[in-house]
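# Examination of the molecular architecture
What follows is the residue order along each chain.
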Amino acid sequence: MNTAITDFSQLDLEAVYTYADYLRWRLEERVELIKGKIFKMSPAPSAKHQRLSGRLHFHIFGYVESKKCEVFSAPFDVRLLDKEKSTAEKDIYTVVQPDICVICDKQKIDERGCLGAPDLIIEILSKGNSKKEVQTKFELYQESGVKEYWVVFPYEQVLQQFILDPQGKYQLLGMFSEEETFKAHIFPDLSLDLTKIFVE
């Protein structure tokens, strides 16, 4: 009989886990599962992080409300499929919680979150984020086919915008600072005044 996991110490960090395992975890800590490996998430986001996330969500929500898309904020499970594209719980090895994601295919949304790649993912970096974490997510979203990916640096007040090219590789479309107006690529009529996003 499979019993629930209630403490992080019960997990083997060297083991490979699936979404079926993840569903049994009742942990206080937030974790993500990336290609079967457990990643502890940073502690509760800072006030700066939360303000940024709230403003981005607000502006994007106002835009996608008129489209056939939905915007979600963490905690929200996104299950990314491997090359086999099997949707069985035992065949899913990646469950992440992006800060913000936009999904335009309603069939990907269920009661547990999103099954498959969102159209847009936004990650707001914390001071605790390592280069390895940043690189891992970049490669993961690229491989999974996330069409557009924004990386927000709260303390530098910079936003990096990556788009997926026809070869399935991310290209840096631009780096935008707090004083610029920024346009989404997959939603050309969505523009954000970064002065209002990064305001203290």
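Before reading on, note that the structure itself is shown above.
Presented here is a report on the structure given in the accompanying data block. (Residues numbered from 1 in each chain as written. Predicted model: local features only at pLDDT ≥ 70, side-chain atom pairs only at ≥ 80, totals over all residues. Heavy atoms only, no water.)

## Here's the deal with the overall build of the protein
Here is the rule we go by: Per the convention used, a helix needs a DSSP run of H or I reaching at least four residues, while a strand needs a run of E reaching at least two, with both numbered from the N terminus. When we talk radius of gyration, it's over C-alpha atoms, and the globule rule is simply 2.2 Å times the number of residues to the 0.38. A simple rule labels every residue: compare its accessible area, found with a 1.4 Å probe on the protein chains alone, to the largest value its type can have, and call it buried under 20%, exposed over 50%, or partly exposed in between. Two residues qualify as a contact provided that any one of their heavy atoms is within 4.5 Å of a heavy atom in the partner residue. Shrake-Rupley sampling with a 1.4 Å probe provides the accessible areas, and residues are treated as covered by the protein chains on show and by no other component. His is not counted here, nor are the chain ends, while Lys and Arg score as positive and Asp and Glu score as negative. Note that the charge is assigned to NZ on lysines, CZ on arginines, CG on aspartates and CD on glutamates.
Per the secondary structure count, the protein includes 4 helices and 14 strands. Relative to a compact globule of 200 residues, whose C-alpha radius of gyration would be 16 Å, the protein shows 17 Å and is just as compact. Each principal axis of the C-alpha atoms in the protein carries an extent, and together these give about 55 × 35 × 30 Å. The buried share of the protein, taken over its 200 residues, is 44%. Taking contacts inside the protein between residues at least 6 apart in sequence as the whole, the part at least 24 apart equals 53%. Surface accessibility of the protein: about 11,000 Å² in total, with carbon and sulfur atoms responsible for 51%. Taking the 26 positively charged and 32 negatively charged side chains of the protein as two groups, their mean positions are separated by 1 Å.

## Details of the pattern of salt bridges
To be explicit about the condition: Salt bridge, as applied in this entry: a Lys or Arg side-chain nitrogen positioned within 4 Å of an Asp or Glu carboxyl oxygen.
What the rule picks out here adds up to 11 salt bridges. Close ionic contact of Lys 137 with Glu 32 constitutes a salt bridge, the shortest N to O distance being 3.2 Å. A residue pair is termed long-range when its members are at least 10 positions apart, and Lys 137 in helix H3 (residues 131-144) and Glu 32 in strand E1 (residues 31-34) qualify at 105 residues. Each member of the pair Lys 137 and Glu 32 is classed as buried. Between Arg 112 and Glu 89 there is a salt bridge, and its shortest N-O distance comes to 2.4 Å. Here Arg 112, found in the loop between strand E7 (109-110) and strand E8 (113-115), pairs with Glu 89, found in the loop between strand E4 (78-80) and strand E5 (94-96); they are 23 residues apart in sequence, far enough to count as distant.

## Re the packing of aromatic side chains
Operational definition: Between the rings of Phe, Tyr and Trp (Trp by its six-membered ring), a pair exists once the centres lie within 6.5 Å; its type follows the angle of the planes, with under 30 degrees stacked, over 60 edge-to-face, and the other angles tilted.
A complete count under the given rule lists 13 aromatic pairs for this structure. Taken together, a centroid distance of 4.7 Å and an interplanar angle of 85° make the contact between Trp 150 and Phe 182 edge-to-face. On the criterion of sequence distance, the pair formed by Trp 150 in strand E10 (residues 148-153) and Phe 182 in strand E13 (residues 181-183) is long-range, its members being 32 residues apart. Residues Trp 150 and Phe 182 agree in their burial class; the two are buried. Pairwise contacts between aromatic rings join Phe 138, Tyr 141, Tyr 149, Phe 162 and Tyr 170 into one cluster.

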